[in-house]
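A closer look at the structure
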Amino acid sequence: MEIVSPDTEGIVGARPRFQRLTPRIVAVLRTLGVDARIGPVPGEYCPGDWTVNGGGRVKLAGTAQRIVAGAWLFGFELVVSDSDPVRAVLADVNAALELEFDPATAASLTDLNPALGLEQVRAAILAEIGAVHEGTADPDLLAEAANLRDAHVA
């Protein structure tokens, strides 16, 4: 998921955004029965202070920001189910880059709560963090975004 906003603070606002938005992700996951926390996991891929982890043992999401003049983007990706293929790709990529990585640290939400489903997770995140609704953005921009999204869906 990505959140985009106009802004004039630039890099100065980066840490406050992590402090404001990452706990909201954690709160959503906790309502879904996942022991979500903030902090790095030893051996994780792409380590960071703002990792969303499960029980301090596995990485569930990395958070990141892209800051440009006049705007920022905050993003995170969650693997909801079937962590094996993701784990395999991460192992191959980290090996090729000669980076340390413990595959046991990569997990999906269903590894921690097998009852979860994609639509349930999506609805919970959108309810907490919000979504663009018709009429709040340029309709041509929304149509272009939908077309681009469709081109990237497997």
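Our structure is the block above this text.
Summarised in this report is the structure supplied together with it. (Residues numbered from 1 in each chain as written. Predicted model: local features only at pLDDT ≥ 70, side-chain atom pairs only at ≥ 80, totals over all residues. Heavy atoms only, no water.)

**Structural notes on the environment of Phe 18**
Inclusion rule: Helix and strand definitions here come from DSSP, where helices need a minimum of 4 consecutive H or I residues and strands a minimum of 2 consecutive E residues; each element is numbered from the N-terminal end. When a residue's accessible area, from a 1.4 Å probe over protein chains only, is under 20% of the maximum for its type it is buried; when over 50% it is exposed; and in between it is partly exposed. Here, residues are in contact when the closest pair of their heavy atoms is within 4.5 Å.
Locating Phe 18 in the fold gives a position in helix H1 (residues 14–31). Residue classification places Phe 18 among the buried positions, given a relative accessible area of 15%. Residues Phe 18 and Phe 74, 56 residues apart in the sequence, show an inter-C-alpha distance of 8.3 Å. Setting aside its immediate chain neighbours within four residues, Phe 18 contacts Pro 23, Trp 50, Thr 63, Ala 64, Gln 65 and Phe 74.

**A look at helix H2 (residues 83–96)**
To be explicit about the condition: Here the expected span of a helix is defined as 1.5 Å times the quantity of residues minus one. To be clear, the arc concerns the directions from the helix axis to the C-beta atoms.
For H2, built from 14 residues, the straight-helix expectation of 20 Å at 1.5 Å per residue is met to within 8% by its first-to-last C-alpha distance of 20 Å. Every buried residue belonging to H2 is among Ser 83, Arg 87, Leu 90 and Asn 94, and all of these are buried. Looking down the long axis of H2, one finds its buried residues gathered within 65 degrees of arc, a one-sided arrangement. Across from the buried face of H2, at angles greater than 90 degrees, the exposed residues are Asp 84, Val 89, Asp 92, Ala 95 and Ala 96. Summarising the contacts, the buried residues of H2 are in contact with helix H3 (109–112). Phi turns positive one or two residues past the end of H2, at Glu 98, with a value near 55 degrees.

**Some details on the sheet that holds strand S4 (residues 58–61)**
Here is the rule we go by: Paired strands are those between which DSSP finds at least two bridges. In this analysis an axis means a line fitted to C-alpha atoms, helices contributing only their contacting stretch, and an angle means the value between N-to-C directions, from 0 to 180 degrees.
Pairing within the open sheet is antiparallel, and its 3 strands lie in the order S2-S3-S4. This sheet does not close on itself; its edge strands, each paired only once, are strand S2 (36–38) and S4. Neighbour-to-neighbour, the strand axes of this sheet turn through a mean angle of 45 degrees, independent of strand direction. Sheet topology places strand S3 (residues 52–54) next to S4; 3 bridges connect them, and they run antiparallel. Residue pairing in the sheet places Asn 53 in a bridge with Lys 59 of S4.

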